[in-house]
Amino acid sequence: MSPRDDEARAILKANDRGGYTVPTAGLYPYQWNWDSVFAAIGFATHDMDRAWTEIETLLAGQWPNGMVPHILFHRVDPGYFPGPDIWRGVGPVPSSGISQPPIAATFVRWLLAMDPSHGDRARRLIPKLIDWHRWFMTWRNAGGAIFVTHPWETGRDNCPDWDAPLAAIEPAGINAYDRRDTTHVQAGERPRRWDYDRYLHLVKLGADCGWDDAHLQQVAPFRVADPTMTFTLLRATRDLRALAAGFGQPTSRLDRWIDEITRGAEQLWNAGAGTYDCVDLRTGTHTGVVTNASFLSWYAGIGGDRMLPQFDRIAGLTRHAVPSTDPAHPAYEPKRYWRGPVWAMMNMLIARGLSESGHPNRAEALRINTRDMIAENGFAEYFDPRDGAPAGGRNFTWTAAIWLAWASDSARRAEWAA
Ligand code: GLC
């Protein structure tokens, strides 16, 4: 047992708002989609009932069209902007109007592998997860590559992949606004004003039409196919298929989706740059950035060892892997959010893929590297890859959860080998 184990559990407890956890008090005072799913695997190490509740609360916010929002505003908090009045979500719980990486089905499968006695709860979630995946396959599907209409949907809010697609947008019609994020965290660790104007322009576009998917399909000025979405949906659909099959349910539709995304993911392979990256669908161009999302190909079970040379090159460039942007790329900024820092939960997904794809030594090295980074620097939102210096929010739910479930030497990793 490491003293960090107790600290991590205390962070999950302190961020628990009753049925859901906030990523961290102050900076993110609501329920975030993929944060909650990571929280669940952290709870699962010591409170399985609470783990299931986290995912159930998230899916209770599902919209009638199947979309599961990226933020649920359970209780209004003026410390966060943009809040429910700006987003004007149309679901059962006040919410944002976009989704986030669909990792939930995968984690439901892992929870069940850790403790099969909660089968009923898993079974009840399956139709909701299928509806959510159907929403992606209907409204975010470019020939099997999954795209987003807002950078925040990928969870990688300000990575350099968005620079060119956002530059083509002239933000208009947004009222004067006060950012709250920079009252909690140094401005140098957060996105710039230029990005924020465009983020808000895209939110307004969706809110003004009541998040009408058919309308947005015609007018959305931002359409970027992305590895985070494509790879997590592919993986999650396979896990959903395994869950459904385990309960004797039909799988043919899931099989079709798996096939379609597997073929579509090939569009994200940038042969010239030797990496998976984003594709701006408006221009058909690859963004040409190697990011930590590029390395989710193993987690998705595709590409064989295509990404191995990039992985080994980047792993040698900084003390802590995996930087969110290639340190050799001109846009790399080691302290600014998704433009360089290391994110522990991405490392867990990458390592999981590596160990499943015949690279257990690299997976274990990445775990140890992440363990040491957290042990030395605490439960920050993200870390400077050069020295592990903590950045962004502190006492962060997903870093604590990842510690408990994977990075700590006492983690029960073997038990979720689904
Ligand atoms: C930021 C991150 C996103 C995360 C959210 C809450 O917006 O980019 O991935 O879900 O914070 O932690």
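Just above sits the structure.
Residues numbered from 1 in each chain as written. Predicted model: local features only at pLDDT ≥ 70, side-chain atom pairs only at ≥ 80, totals over all residues. Heavy atoms only, no water.

Asker: So, the overall build of the protein chain: which residues are in play, and what are the values?
Answerer: Of the regular secondary structure elements, the protein chain holds 17 helices and 11 strands. Expected size for 418 residues packed as a compact globule is a radius of gyration near 22 Å; at 20 Å, the protein chain falls within 12% of this value. Expressed along its principal axes, the backbone C-alpha trace of the protein chain runs to roughly 55 × 50 × 45 Å. Summarising the internal contacts of the protein chain: among those between residues at least 6 apart in sequence, 71% fall at separations of at least 24. Accessible surface computed for the protein chain: about 14200 Å², of which carbon and sulfur atoms make up 50%. In the protein chain, the 44 positive side-chain charges and the 48 negative ones have mean positions that sit 1 Å from each other. (Helix = DSSP H or I, 4+ residues; strand = E, 2+ residues; numbered from the N terminus. Rg over C-alpha atoms; globule rule 2.2 N^0.38 Å. Contact = heavy atoms within 4.5 Å. Areas by Shrake-Rupley, 256 points an atom, 1.4 Å probe, with all protein chains shown as cover. Lys, Arg positive; Asp, Glu negative; His and termini not counted. Charge placed at Lys NZ, Arg CZ, Asp CG, Glu CD.)

Asker: Outline the nonpolar core, listing residues and values.
Answerer: Formed by 138 residues in total, the largest nonpolar core has its most connected members in Phe38, Phe107, Leu129, Phe295, Met345 and Met348. Excluding anything up to four places from it in sequence, Met345 contacts Trp34, Phe38, Trp338, Trp398 and Ile402. (Core = buried A, V, L, I, M, F, W, Y, C linked by side-chain atoms within 4.5 Å. Buried < 20%, exposed > 50% of the residue type's maximum accessible area, 1.4 Å probe, protein only.)

Asker: Let's hear about the site of the ligand: which residues, and what values?
Answerer: Lining the immediate environment of the ligand, one finds Pro23, Tyr28, Trp32, Trp34, Asp35, Gln100, Gly155, Asp157, Tyr337, Trp338, Phe396 and Trp398. Within the side chain of Trp34, a nitrogen or oxygen atom sits 3.1 Å from an oxygen atom of the ligand. Note that an oxygen atom of the ligand is positioned 2.8 Å from one of the side-chain N or O atoms of Trp338. For the ligand, the accessible surface in isolation is 310 Å², of which the surrounding protein chains cover 97%. (Near = heavy atom within 4 Å. Polar contact = N/O pair within 3.5 Å; in protein donor to acceptor, adjacent residues only side chain to side chain.)

Asker: So what about the environment of Ile126? Which residues, and what values?
Answerer: Secondary-structure assignment places Ile126 in helix 6 (residues 119-139). Judged by relative accessible area, Ile126 falls into the buried class, the value being 0%. In this structure the C-alpha to C-alpha distance between Ile126 and Pro69, which are 57 residues apart in sequence, comes to 17 Å.

Asker: Run through helix 15 (residues 344-356), naming residues and quoting values.
Answerer: Here helix 15 contains 13 residues, and its C-alpha end-to-end distance of 19 Å stays within 8% of the 18 Å for a straight helix at 1.5 Å per residue. Of all the 13 residues making up helix 15, 11 are buried; the element is thus mostly covered by neighbouring parts of the structure. Residues Ala344, Met345, Met346, Asn347, Met348, Leu349, Ile350, Ala351, Arg352, Gly353 and Leu354 constitute the buried set of helix 15. After helix 15 finishes, the residue Gly358 shows a positive phi value of roughly 90°. (Expected span 1.5 Å × (residues − 1).)

Asker: Explain the environment of Leu166 to me, and be specific about the residues and the numbers.
Answerer: Mapped onto the elements, Leu166 comes out in helix 7 (residues 163-167). In this view, Leu166 contacts Pro151, Trp194, Asp195, Arg198, Tyr199, Leu202 and Phe222; residues no more than four positions away in its chain are not counted.

Note that every value here comes from positions in space, so none of it alone points to a role or purpose.
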